[in-house]
Amino acid sequence: MLNMKEYVKLAEWSIIEDKLISSKNKISESIFSIGNGFMGQRANFEENYSGESLQGNYLGGVYYPDKTRVGWWKNGYPEYFAKIINATNWIGIDVSIEGERLDLNKCIIENFKRELNMYDGILSRTVDATLASGKKIRLTTRRFISIVEKDLGAIEYSIEALNFTGKIEFNSYLDGDVVNSDSNYDEMFWIELDKNADISNSYLHNKTKKTGFEVCTAMHNNLINDRNENVKANIESSSKEHYIAHKFSFNIAKDEKITLQKYVSIVSSLYAGTSELTSKATENVQKHAKKGFDQLLKDHSTAWHSKWEESDIKIGGDLSAQQAIRFNIFQLYQTYTGENENLNIGPKGFTGEKYGGVTYWDTEAYCLPFYMRTADHSVARNLLK
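Source: prediction; values computed, not measured.

With respect to the pattern of salt bridges
Evaluated as defined, the whole model comprises 22 salt bridges. With a closest N to O distance of 3.9 Å, Glu12 and Arg326 form a salt bridge. One end of the pair, Glu12, is in the loop between α1 (4-7) and β1 (14-17); the other, Arg326, is in helix α5 (residues 319-335), with 314 residues separating them in the sequence. Residue classification places Glu12 among the partly exposed residues on the basis of a relative accessible area of 45%. Taking relative accessible area as the criterion, Arg326 reaches 3% and is therefore assigned buried. Lys254 is the salt-bridge partner of Asp255, the closest N and O atoms lying 3.2 Å from each other. Classification of Lys254 by relative accessible area gives partly exposed; the value is 46%.

Listed below in structure tokens is the structure:
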């Protein structure tokens, strides 16, 4: 058995793993999750991964009344409970290298590093991998969910060709055909209302069954080189039920690095009228893309720095304790920020499905005192509401 002290490296401001262990990947996806109080994303890989994984994107306040399996061991249980549900997979980027699909579970991994930088609020990954064909690549990614622009998720996804020249395809997609692994009756929670896959205007608009929450996810993609210049590529759009995609096909030279910048805007009917969801999401994503990844990240990280000034706890002489307390503070603040009195803290925050609910009694017992001491009293008051 691999214990956590061996599994996660000690660092004051970061959570780091330096090897990919397939049997521990679902744990890592929880530990390295990111959020902004309004939504959260598990640390799933952007590209296809055939090893152990639990895909998850969750939206605060969006739930479904999942029926309870009632038996003698659940006497007194309600007929259903409000389950936090998996929403549109916005991070997906399928990668093909000379026709060979990138899958780290099927590669030889020479170097691997996944890091959650809690001070800046960013998840990054660096991998040196050899495919079955012998082609070697360096994969680097950066991802954040903005605590400034509450609808924004952004990814910078780079491939460097280490020993070959050839053709690469990035297929960036939104996939609304998602399920919850803990659904009691294998129910599908979402129905599709509308979608558009045009390069200049792409979105997926879904609605929950029964509860009627509507969510529109819009995306924009840029393909650039190391000089921040647009890369010449063949671009195709495609769609099918619950799914839209943009495929970029381009040639890469040995030692060249090409980067896909992916921006999404996720807007729900909790914050906008149903008739304006599409226009709001598509306008927002274009605005974000125009501002650019680096500036959006700078704004996001600066906001995190301000939060740390208010809430950091310093522990001298015990690096493990220092890392642990900052991890707990980070998880609390990326789960709940106090800006919306209709939101709450679920038992797993935005890190996974376990226990299912959108609220939990631990909130009053353990979380409320933290917010009372580290934030304006309006935050704690909204949490109680």
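So that's the structure; there's more coming.
Quick look at helix α6 (residues 362-374)
Between its first and last C-alpha atoms α6 spans 18 Å; for 13 residues at 1.5 Å apiece the expected length is 18 Å, and the two agree. At Leu368, α6 shows its maximal kink, close to 40°; a proline, Pro369, follows between one and four residues later. Where α6 is concerned, the buried positions are Thr363, Cys367, Leu368, Phe370, Tyr371 and Thr374.

So, the packing of aromatic side chains
Think of a pair of aromatic rings as described by two things: how far the centres are apart, and how the planes are tilted against each other in angle. Enumeration over the complete set of coordinates arrives at 19 aromatic pairs. Considering the side-chain rings of Tyr157 and Phe170, the 5.7 Å spacing of their centres and the 90° angle between planes classify their relative orientation as edge-to-face. Of the two residues, Tyr157 sits in strand β12 (residues 152-161) while Phe170 sits in strand β13 (residues 166-175), which places them 13 residues apart along the sequence. Ring geometry for Tyr333 versus Tyr371: centroids 5.5 Å apart, planes at 80°, classification edge-to-face. Placement of Tyr333 in helix α5 and of Tyr371 in helix α6 is noted, with a sequence separation of 38 residues between them. Just as Tyr333 is buried, Tyr371 falls in that class too. Joined through ring pairs, the aromatic side chains of Trp13, Tyr119, Trp304, Trp308 and Phe330 make up one cluster. The ring of Tyr243 is capped by Lys240, whose NZ or CZ atom sits 4.8 Å from the centre of that ring.

Examining empty space enclosed by the protein
Counting across every chain of the model gives two cavities of 30 Å³ or more. Here the largest cavity defines a volume of roughly 60 Å³. In terms of lining residues, the largest cavity is bounded by Ala43, Asn44, Phe45, Glu46, Arg114, Leu123, Ser124, Arg125, Thr141 and Arg143. Every element with two or more residues in the lining of the largest cavity is listed here: β10 (122-130) and β11 (136-145). It is β10 that provides the largest number of residues to the lining of the largest cavity, a total of three residues.

Some words on helix α3 (residues 277-291)
If you check α3, its first and last C-alpha atoms are 21 Å apart, about what 15 residues at 1.5 Å a residue would give, namely 21 Å. By the burial criterion, the buried members of α3 are Leu277, Thr278, Ala281, Thr282, Asn284, Val285, His288 and Ala289. All buried residues of α3 lie within an arc of 160° about the axis, which places them on one face of the element. Opposite the buried face of α3, by more than 90 degrees, sit the exposed residues Glu283 and Lys290. Where α3 is buried, its residues touch β12, β15 (201-208), β16 (214-225), β19 (257-268) and α4 (293-311). Where α3 terminates, the next one or two residues include Gly292, which has phi positive at roughly 100°.

Describing the sheet that holds strand β18 (residues 243-252)
Strand order across the open sheet formed by five strands is β8-β7-β13-β18-β17, with antiparallel pairing between neighbours. Strand pairing shows two members of the sheet lacking a second neighbour, β8 (100-101) and β17 (234-240), which therefore form its edges. Looking at chain direction, strand β7 (residues 93-97) and β8 are connected through two bridges and run antiparallel. What sits directly across from Ile97, in β8, is Glu100.

So, the sheet that holds β16
Here we have nine strands laid out as an open sheet, ordered β1-β9-β10-β11-β12-β19-β16-β15-β14, and antiparallel in their pairing. The sheet terminates laterally at β1 and β14 (190-198), the two strands that pair on one side only. Strand-to-strand twist in this sheet, taken as the mean axis angle between neighbours without regard to direction, amounts to 15°.

A closer look at the nonpolar core
Of all hydrophobic cores here, the largest spans 78 residues; its most connected members are Leu102, Tyr157, Phe170, Phe250 and Tyr371. Counting 17 residues, the second-largest nonpolar core is a separate cluster that includes Cys216, Val285, Ala289 and Leu297.

A word on the pairing of β18
Counted residue by residue, β18 has eight buried out of 10 residues, so it is predominantly covered. As defined by bridge partners, β13 adjoins β18 across 10 bridges and the pair is classed as antiparallel. Across the sheet, Leu174 pairs through a bridge with Ile244, a residue of β18. Inspection of the sheet shows β17 paired to β18 by seven bridges, in the antiparallel sense. Its bridge partner being in β18, Ser239 is matched across the sheet by Ile244. Counted between consecutive antiparallel strands, the loop separating β17 from β18 contains two residues, among which His242 sits at a positive phi close to 65°.

What counts, and at which threshold
Residues numbered from 1 in each chain as written. Predicted model: local features only at pLDDT ≥ 70, side-chain atom pairs only at ≥ 80, totals over all residues. Heavy atoms only, no water. Salt bridge = Lys/Arg side-chain N within 4 Å of Asp/Glu carboxyl O. Helix = DSSP H or I, 4+ residues; strand = E, 2+ residues; numbered from the N terminus. Buried < 20%, exposed > 50% of the residue type's maximum accessible area, 1.4 Å probe, protein only. Expected span 1.5 Å × (residues − 1). Bend = angle between axes of the 7 residues up to and from the residue. Phe/Tyr/Trp six-rings, centres within 6.5 Å; stacked < 30°, edge-to-face > 60°. Lys NZ or Arg CZ within 6 Å of the ring centre and 35° of its normal. 1 Å grid on protein atoms, 1.4 Å probe; cavity = no way out; pocket = protein on both sides within 12 Å on 5 of 7 lines; lining within 4 Å. Points joined across faces, edges and corners; volume = space filled by probe spheres on them. Arc of directions from axis to C-beta. Contact = heavy atoms within 4.5 Å. Pairing = 2+ DSSP bridges. Axes fitted to C-alpha atoms, helices over the stretch in contact; angles between N-to-C directions. Core = buried A, V, L, I, M, F, W, Y, C linked by side-chain atoms within 4.5 Å.

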